[in-house]
Amino acid sequence: SRSVMRRSYLSVVFPLLALAIGPGVSSAHEPIRERCMHMETIEYTDLFVSRSLSGRAVFSDGGVGISDVQIAVRSLPEGPKIHLHSDENGSFKFKALASGTYEVVSCFDGFDALAFRVRLDPGAADSSFLLHLGPSETGTSTTLEQVKP
């Protein structure tokens, strides 16, 4: 029946999602908000290149980490979404993502959502992404910074 198929599917998907989430980051068993109460979506048109997809969400006025920022990643053009939340320090890390181009969307209630694309390439320099959330002249601001070693 459908409910048996759904349970069987979920029993395969949840362990796979748990593998995609690094240690110290929210588990796949926490509720995922499909939508945040955000102001607008800021879209970056540049294609970022990195070896992996990790970073930190911080308040722009002091660098304090923000927990529970939702980050979703989807392989382009039409891959499934994988969600996670930033941990108590604002850190996030997607593990075991294959090489390719991904759309990344982050959101946190009350702030602008952020969307960008990243190409994961095992030959590229590793970098991380800082999501800066803070006030602006028009309300709130969310910006992105790629940090290279």
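Residues numbered from 1 in each chain as written. Predicted model: local features only at pLDDT ≥ 70, side-chain atom pairs only at ≥ 80, totals over all residues. Heavy atoms only, no water.

Colleague: Explain the overall build of the protein to me, and be specific about the residues and the numbers.
Modeller: A tally of helices and strands in the protein yields 1 helix and 9 strands. The order of helices and strands in the protein, counted from the N terminus, is α-β-β-β-β-β-β-β-β-β. Contacts spanning at least 24 positions in sequence make up 63% of the contacts within the protein whose residues lie at least 6 apart. Split by element, the accessible area of the protein, about 8,700 Å² in all, is 56% carbon and sulfur. (Helix = DSSP H or I, 4+ residues; strand = E, 2+ residues; numbered from the N terminus. Contact = heavy atoms within 4.5 Å. Areas by Shrake-Rupley, 256 points an atom, 1.4 Å probe, with all protein chains shown as cover.)

Colleague: Explain the pattern of salt bridges to me, using residue names and the numbers behind them.
Modeller: Under the counting rule described, the total for this entry stands at 3 salt bridges. Across the salt bridge formed by arginine 74 and glutamate 78, the nearest N and O atoms sit 3.9 Å from each other. According to the relative accessible area criterion, glutamate 78 is exposed, its value standing at 66%. Two residues, aspartate 121 and arginine 119, come together in a salt bridge whose shortest N-O distance is 3.2 Å. Through salt bridges with shared partners, a single ionic network connects Arg74, Glu78 and Glu103. (Salt bridge = Lys/Arg side-chain N within 4 Å of Asp/Glu carboxyl O. Buried < 20%, exposed > 50% of the residue type's maximum accessible area, 1.4 Å probe, protein only.)

Colleague: Break down the side chain of serine 106 for me, with residues and values.
Modeller: Tracing the sequence through the fold places serine 106 in strand β6 (residues 100-107). Leaving out residues up to four positions away in the same chain, serine 106 has contacts with Val69, Gln70, Ile71, Ala113, Leu114 and Leu131.

Colleague: For the nonpolar core, give the residues involved together with the corresponding values.
Modeller: Side chains of nonpolar character tend, in soluble globular proteins, to be buried together. The biggest cluster of nonpolar side chains holds 23 residues, and the ones touching the most others in it are Leu53, Ile71, Phe94, Phe116, Val118 and Leu131. Looking at this core, the elements that each hand over two or more residues are β2 (53-59), β3 (70-75), β4 (81-85), β5 (91-94), β6, β7 (113-120) and β8 (128-136). Here this core gets 4 residues from one element, more than from any other, and that element is β7. (Core = buried A, V, L, I, M, F, W, Y, C linked by side-chain atoms within 4.5 Å.)

Colleague: Tell me about the confidence of the model for the protein, and name the residues and values.
Modeller: Low pLDDT marks stretches whose predicted atomic positions should not be read closely. Model confidence for the protein is summarised by a mean pLDDT of 76, while 72% of its residues fall at 70 or above. Across the protein, the element-wise mean pLDDT spans from 35 in helix α1 (residues 2-20) up to 95 in β5. Below a pLDDT of 50 lies the segment residues 1-33, which in the model reaches 38 contacts outside its immediate sequence neighbourhood of four places, other chains included. (pLDDT = per-residue confidence, 0-100.)

Colleague: Provide a residue-level description of the environment of alanine 113, including the pertinent values.
Modeller: Of note, alanine 113 is situated in strand β7. A C-alpha to C-alpha distance of 9.8 Å links alanine 113 and isoleucine 71, two positions 42 residues apart in sequence.

Colleague: Before we move on, can you summarise the sheet that holds strand β1 (residues 41-50) with the specific residues and values?
Modeller: Read from one edge of the open sheet, 5 strands run β1-β7-β6-β3-β4, paired in mixed fashion. Across the chains shown, the open sheet's two edge strands, defined by having one partner strand only, are β1 and β4. Pairwise comparison of adjacent strand axes, ignoring direction, gives a mean angle of 20 degrees for this sheet. Relative to β7, β6 is paired through 7 bridges, and the arrangement is antiparallel. Within β7, the residue paired with tyrosine 102 across the bridge is valine 118. (Pairing = 2+ DSSP bridges. Axes fitted to C-alpha atoms, helices over the stretch in contact; angles between N-to-C directions.)

Colleague: Kindly report on the environment of proline 149, identifying the contributing residues and their values.
Modeller: Topologically, proline 149 is positioned in the segment after β9 (139-147). Sequence separation between proline 149 and serine 128 is 21 residues, and the spatial gap between their C-alpha atoms is 8.7 Å. Other than its neighbours up to four places away in sequence, proline 149 contacts Asp126 and Ser127.

Colleague: Mind laying out the side chain of arginine 74, listing which residues take part and the relevant values?
Modeller: Mapped onto the elements of the fold, arginine 74 is located in strand β3. In this structure arginine 74 comes out as buried when scored by relative accessible area, which is 17%. At a separation of 2.7 Å, a polar atom in the side chain of arginine 74 contacts the main-chain carbonyl oxygen of proline 77. Leave out the neighbours within four places in its chain, and arginine 74 touches Gly79, Pro80, Lys81, Thr101, Tyr102 and Glu103. (Polar contact = N/O pair within 3.5 Å; in protein donor to acceptor, adjacent residues only side chain to side chain.)

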